[in-house]
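Below, each chain spelled out in residue letters.
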Amino acid sequence: CEWYVNSVDAIVENGVVTINKTGVNAEVAAAYKGFKGKAYVTVKSVNSYYLELSTTSVTLNKGEKVKVTAKYYQIKDGILQEGIDVTNKCKWTSDNSDISVINGTITTNKSGVNGIVTAKYNGEEVNVVVSIASSFYYELKLSKTNITLNKSEQETIVATYFITKDGKTDNGTNVTSDCEWSSSNPSAISVENGIITAIKSGANAIITAEYNDLIVQ
């Protein structure tokens, strides 16, 4: 047979048709001793889709909000088409009840929690890893805040450093020897490593302890 094809994107040889492009329609003809026959070949377009989020991980503090947007893309015949914003069309879910998500806006009223937020659209789904920072509060306390001494007497003050994490306070750490101690009247009342000494009678002084940027008197 003599073979013919009417498309530059198609090749026919000994009845074998090869088309190297999607979305093509071709007419294949064969001729033999005055007889002709035709066949029609269609190659469907190759399309794929995917969902993409503006970020795949977020870290925020208790009470903060963050907006995650979603775009839906089509790849048609190997060419990426412009994405469509489907943020408000997605189905948003969270695997942690302490983390809420509405139309891509993620928030929580609890610190120190983690979770996965999922966006679903048209059979596609992607995840966002969410981390809520723990809340910390630091405090420096002295064992005594008012002392009366006679001349040459000594008194020891203990400095304790407390850390409160997510509303729970630890038992404290003795940082007396790590503090920077000072006296407002060192010639009359001295202090060293929390040990206060009355050098002169009838004197007053303010003793200050400083640790980790915290100051108490």
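Here, the structure is the one placed above.
Residues numbered from 1 in each chain as written. Predicted model: local features only at pLDDT ≥ 70, side-chain atom pairs only at ≥ 80, totals over all residues. Heavy atoms only, no water.

Asks: Would you take a moment to explain the sheet that holds strand 14 (residues 105-108) for this structure?
Replies: Backbone hydrogen bonds are what pair the strands of a sheet, in a parallel or an antiparallel way. Sheet architecture is open: 3 strands sit in the order 8-14-13, paired in antiparallel fashion. Edge positions in the open sheet fall to strand 8 (65-67) and strand 13 (99-102), since each of these has one partner strand only. Strand-to-strand twist across the sheet, computed as the mean angle between neighbouring axes with direction ignored, equals 20 degrees. Across 4 bridges, the pairing between strand 13 and strand 14 is antiparallel. The residue of strand 14 that forms the bridge with Ile 102 is Thr 105. (Pairing = 2+ DSSP bridges. Helix = DSSP H or I, 4+ residues; strand = E, 2+ residues; numbered from the N terminus. Axes fitted to C-alpha atoms, helices over the stretch in contact; angles between N-to-C directions.)

Asks: I tried to follow unusual backbone geometry on my own but got confused; where do I start?
Replies: Generally, phi is negative for residues other than glycine and the peptide bonds are trans, each holding for most cases. The phi dihedral of Asn 122 is positive, around 50 degrees, even though this residue is not glycine. Along the chain, Asn 122 falls in the loop between strand 15 (114-121) and strand 16 (124-132).

Asks: Is there a simple way to explain the environment of Ser 187 in this structure?
Replies: With respect to the helices, strands and loops of the structure, Ser 187 is situated in the loop between strand 22 (180-183) and strand 23 (189-192). Linking Ser 187 and Lys 200, residues 13 residues apart in sequence, is a C-alpha distance of 8.0 Å. For Ser 187, the residues in contact, after removing those within four places along its chain, are Ile 199 and Lys 200. (Contact = heavy atoms within 4.5 Å.)

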